[in-house]
Amino acid sequence: MGEALNRAVKRLKQKGAETPRLDAEVLLAHVLEQERVYLYRESLRLLDQVSASRYNQLLMRRAADEPVAYLTGHKEFMGFDFLVGPHVLIPRPETELLVEQALDLLHQWPDPAPVVVDVGTGSGAVAVSLARLAPDCVVYATDISAAALALARENSGRQGVTLHFAQGDLLAPLGEMLRPGTAALIAANLPYIPAGELPGLPRPVRDFEPRLALDGGPDGLDLYRRLAPQALALLAGGGHLLMEISPAQSGAMRRLLDEALWETDILKDLAGMPRLTVARKRRGAPE
């Protein structure tokens, strides 16, 4: 098994993989349905023919830049295991900042059962994490993709939480489910890549992740422009709209949000880059 792993690392390294050993270990552990530590504990064990064949097939796909998360069908986020597939964006570590900030704000909310909305939920990583870590919240999740919602429902079931799902564009499908002015927090990790930058994305992202989850229009902010007025109507006074952005968009996001309606801050991620827009609806702002 150790020899097979070493050959796989060399193969992926030659193909330019950024993390060849990690990728090789994760894929082999997936094939064997074991934890990665097992690979070292049983390094002298030989791979059976079926496992070797499956491993080789996955290595071929990884060498062609297909993301590891799509090959295994799993991705960890906020310490939880989520199912993922090619019809949803792979959860990123930087998005954990959004969840952490949401939890801090919800802890301060006076209502014992605050209403939370995750817009464009995808795999449900944000919504499910919030439901797990803030169990008193009432969590709604929307997505325009039926396939994404089906996966989010499966993830919510696997994590043992109850979410309210609605299919449609942004907050529109919640019109008959929530009254205006009732949400404490709206979380949004919407497509924010400018369309002109899509061809220059790394191949694993550009060629394998869904364009619907990446393309944010000419400057990347098309969906956020449409979301802001919808969020203003749904949020209670003092409620928050959290939006993940790229570092280059912080100035544009501040200009997008009317100072008469929103108090806006931009938080930096662990790399020190502007990443999260935190917009608080001013009390008394019209809905």
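In this text, all values refer to a predicted model and were calculated from it rather than measured experimentally.

*Asks:* Describe the overall build of the chain, naming the residues involved and giving the relevant values.
*Replies:* Secondary structure summary: the chain contains 11 helices and nine strands in total. Principal-axis analysis of the C-alpha atoms gives the chain an extent of 70 × 40 × 30 Å. Looking at the chain as a whole, 52% of its 287 residues qualify as buried. When contacts within the chain are restricted to residue pairs at least 6 apart in sequence, those whose partners lie at least 24 apart make up 64%. Accessible surface for the chain amounts to roughly 13,900 Å². Of this, 52% is attributable to carbon and sulfur atoms. The average position of the 31 basic charges and that of the 36 acidic charges among the side chains of the chain differ by 5 Å.

*Asks:* Describe the sheet that holds strand E7 (residues 235–244), with residues and values.
*Replies:* Reading across from one edge, E5-E4-E3-E6-E7-E9-E8 is the order of the seven strands in this open sheet, with mixed pairing throughout. Whereas interior strands pair on both sides, the edge strands pair on one side only; in this sheet they are strand E5 (164–167) and strand E8 (262–268). Adjacent strand axes in the sheet meet at a mean angle of 15°, parallel and antiparallel pairs treated alike. Sheet analysis places strand E4 (residues 138–143) next to E5, joined by four bridges and oriented parallel. Residue pairing for E5: threonine 142 is matched across the bridge by alanine 166. Sheet strands in contact with helix H10 (residues 222–234) are strand E3 (115–119), strand E6 (183–188), E7, E8 and strand E9 (274–281), and its direction is about 155° off that of E7.

*Asks:* Tell me about the pairing of strand E1 (residues 74–77), and please be specific about residues and values.
*Replies:* Where E1 and strand E2 (residues 80–83) come together, four bridges link them in antiparallel fashion. Along E2, the bridge assignment pairs glutamate 76 with aspartate 81. Linking two consecutive strands that pair antiparallel, namely E1 and E2, is a turn of two residues; a positive phi of about 55° is found at methionine 78 within it.

*Asks:* If you had to explain the side chain of aspartate 143 to someone new, which residues and values would you point to?
*Replies:* Assignment of secondary structure puts aspartate 143 in strand E4. One buried charge, aspartate 143, has no salt-bridge partner; the nearest side chain with opposite charge is arginine 153, at 10 Å. There is a polar contact of 3.3 Å between the side chain of aspartate 143 and the backbone nitrogen of threonine 121. Of note is the side chain of aspartate 143, whose polar atom sits 2.8 Å from the backbone nitrogen of glycine 122.

*Asks:* Just give me the short version of the side chain of glutamate 25, but keep the residues and values in it.
*Replies:* Among the structural elements, glutamate 25 can be located in helix H2 (residues 20–32). Owing to a relative accessible area of 3%, glutamate 25 belongs among the buried residues under this scheme. Within the structure, the side chain of glutamate 25 is placed 2.9 Å from the side chain of arginine 36, a separation counted as a polar contact. Apart from the residues within four sequence positions on either side, glutamate 25 is in contact with Leu5, Arg36, Leu39 and Tyr40.

*Asks:* Kindly report on the nonpolar core, identifying the contributing residues and their values.
*Replies:* In globular proteins that are soluble, nonpolar side chains generally tend to be buried together. Ranked by size, the top nonpolar core spans 37 residues in total, and within it Ile186, Tyr224 and Leu227 carry the most contacts. Looking at this core element by element, the count peaks at seven residues for H10. Ignoring anything within four residues of it in the chain, the contact list for leucine 227 reads Val119, Leu170, Leu171, Ala188, Leu190, Leu241 and Met243. Phe82, Ala127, Ala131 and Ala236 belong to the second largest nonpolar core, which has 34 residues in total.

*Asks:* Please set out the pattern of salt bridges residue by residue, giving values where relevant.
*Replies:* Scanning the entire structure with this criterion turns up 19 salt bridges. For glutamate 66, the salt bridge goes to arginine 61, with nearest N and O atoms at 2.8 Å. Note on arginine 61: relative accessible area 38%, which makes it partly exposed. Salt-bridge contacts for arginine 226 lead to aspartate 169; the nearest nitrogen and oxygen are separated by 2.7 Å. Of this pair, arginine 226 sits in helix H10 while aspartate 169 sits in the loop between E5 and E6, and the two are 57 residues apart along the sequence. By relative accessible area, arginine 226 is classed as partly exposed at 37%. Overlapping salt bridges, with partners in common, bring together Asp65, Arg203, Arg206 and Asp207 in one network.

Conventions used here
Residues numbered from 1 in each chain as written. Predicted model: local features only at pLDDT ≥ 70, side-chain atom pairs only at ≥ 80, totals over all residues. Heavy atoms only, no water. Helix = DSSP H or I, 4+ residues; strand = E, 2+ residues; numbered from the N terminus. Buried < 20%, exposed > 50% of the residue type's maximum accessible area, 1.4 Å probe, protein only. Contact = heavy atoms within 4.5 Å. Areas by Shrake-Rupley, 256 points an atom, 1.4 Å probe, with all protein chains shown as cover. Lys, Arg positive; Asp, Glu negative; His and termini not counted. Charge placed at Lys NZ, Arg CZ, Asp CG, Glu CD. Pairing = 2+ DSSP bridges. Axes fitted to C-alpha atoms, helices over the stretch in contact; angles between N-to-C directions. Salt bridge = Lys/Arg side-chain N within 4 Å of Asp/Glu carboxyl O. Polar contact = N/O pair within 3.5 Å; in protein donor to acceptor, adjacent residues only side chain to side chain. Core = buried A, V, L, I, M, F, W, Y, C linked by side-chain atoms within 4.5 Å.

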